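Understanding the architecture of this molecule
Residues per chain are reported as follows:
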Amino acid sequence: MIDLHAHSTVSDGLLTPTQLVEHAANNGVRVLALTDHDDIRGLPEARHAAAKQNIHLINGVEISVSWNKRTLHVVGLNIDPDDEMLNSALADVRAARIERARKMSQGLEKVGIYGAFEAASEYAEDGILTRVHFARFLVEKNYAKDTKSVFKKFLVKGKPGYVEHEWMSLESAVGLIKKSGGVAVLAHPGRYEIKRTSMLLLLEEFRALGGEAIEVVTGSHTTAQYVEYAKYAQMFGLKASQGSDYHGHGISFMGMGRLPAMPSQCVPVWSDWPQAGTLGMAVAAH
Ligand code: AMP
Ligand code: MN
Ligand code: MN
Ligand code: MN
């Protein structure tokens, strides 16, 4: 099983990189990409654990992007974790996330919720600060019954804990990934709630900038969307990727090792990777 999208405690996942790799191994995953949001500091630990578990680790990242007033995610696979430009750009995103979190906290203060920044920072430890860390605090304090309702009530557009944020441009994200030797993959396109004309525009622009693949089989897509995005990939000559987008027990769309087969017309993103042959990845999508 190949899983090219998963999170650890370095971003908003519940498992440390080591625990994530062990969990993947126990669930039949042979090839795993760690793709933390805007951070690649979990990769050395994951690599160490992967060697022990006989898992082939792909160096990955999931970069937050602002495109036409929307937030998109671009996954980079096989990036170089030592690339200076990438590391420095991600350090800037982390710093901006701290500023954003302060503003989120101020928004929550306006509705009488205090101490959110400090609590979220504690949950995040040394990792990046995300809305998920705020959600944990708000659930803990009983402001809503679960993560889902906490997001709805406080953390989405128009709600007290939401702030507009300017993420990296699509051009910069794709450029950084490519310059560090990686492949840029548009994450879970079916989740962006954009009309077909905008989707066509996005895919056109993504490809023109050097994007090479889109996620087709992902925990964020419905079965109907696997078929829909397989068609988009074919239409634009883009390869197809697959990943659970695992975040941890109870907060994931899909468990690890449970990915259904990719639609047969897809060209897997790994089809031309040098390591694919030895791993038996080239022929089967599983
Ligand atoms: P951020 O990058 O800080 O805006 O946080 C985004 C993360 O929050 C996503 O990667 C998801 O893991 C999580 N998330 C976003 N929307 C929801 C939601 N409605 N319910 C639960 N988790 C969500
Ligand atoms: Mn996330
Ligand atoms: Mn995402
Ligand atoms: Mn993700």
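Read on for an overview of the structure. In this text the structure is predicted, and so the values were computed from the model without any measurement. (Residues numbered from 1 in each chain as written. Chains lettered and ligands numbered in written order. Predicted model: local features only at pLDDT ≥ 70, side-chain atom pairs only at ≥ 80, totals over all residues. Heavy atoms only, no water.)

Turning our eyes to something else, we now look at unusual backbone geometry. In this model, asparagine 68 sits at a positive phi of 45°, which is unusual for a non-glycine residue. Checked against the element boundaries, asparagine 68 lands in the loop between β3 (56-67) and β4 (70-77). On the accessibility criterion, asparagine 68 (52% relative accessible area) is exposed. (Helix = DSSP H or I, 4+ residues; strand = E, 2+ residues; numbered from the N terminus. Buried < 20%, exposed > 50% of the residue type's maximum accessible area, 1.4 Å probe, protein only.)

For a metal with four donors in a tetrahedral arrangement, the ideal angle between donors is 109.5 degrees, while six donors in an octahedron ideally sit at 90 or 180 degrees. Here the manganese ion (ligand 4) is held by His5 (NE2), His7 (NE2), Glu62 (OE) and Asp245 (OD), and the distances to it run 2.1 to 2.2 Å. Here the manganese ion (ligand 2) and the manganese ion (ligand 4) are spaced 4.7 Å from one another. Within this pair, whereas histidine 5 is found in the loop between β1 (2-3) and α1 (17-26), its partner glutamate 62 is found in strand β3, the two being separated by 57 residues in sequence. (Donors = N, O, S within 2.8 Å, 3.2 Å for Na, K, Ca; no water.)

To continue, consider the pattern of salt bridges. Overall, the coordinates contain nine salt bridges when judged by the stated rule. In this structure, the salt-bridge partner of arginine 102 is glutamate 99, at a minimum N-O distance of 3.7 Å. Taken together, the residues arginine 102 and glutamate 99, both in helix α3 (residues 84-109) and three residues apart, mark about one turn of the helix. On the basis of relative accessible area, glutamate 99 is assigned to the partly exposed category, the value being 44%. With its nearest N and O atoms 3.6 Å apart, the salt bridge here joins arginine 191 to aspartate 245. Of this pair, arginine 191 sits in the loop between β6 (183-186) and α8 (196-208) while aspartate 245 sits in the loop between β8 (239-243) and α10 (276-279), placing them 54 residues apart in sequence. Three or more residues are tied together by salt bridges with common partners; here these are Asp39, Arg41 and Arg94. (Salt bridge = Lys/Arg side-chain N within 4 Å of Asp/Glu carboxyl O.)

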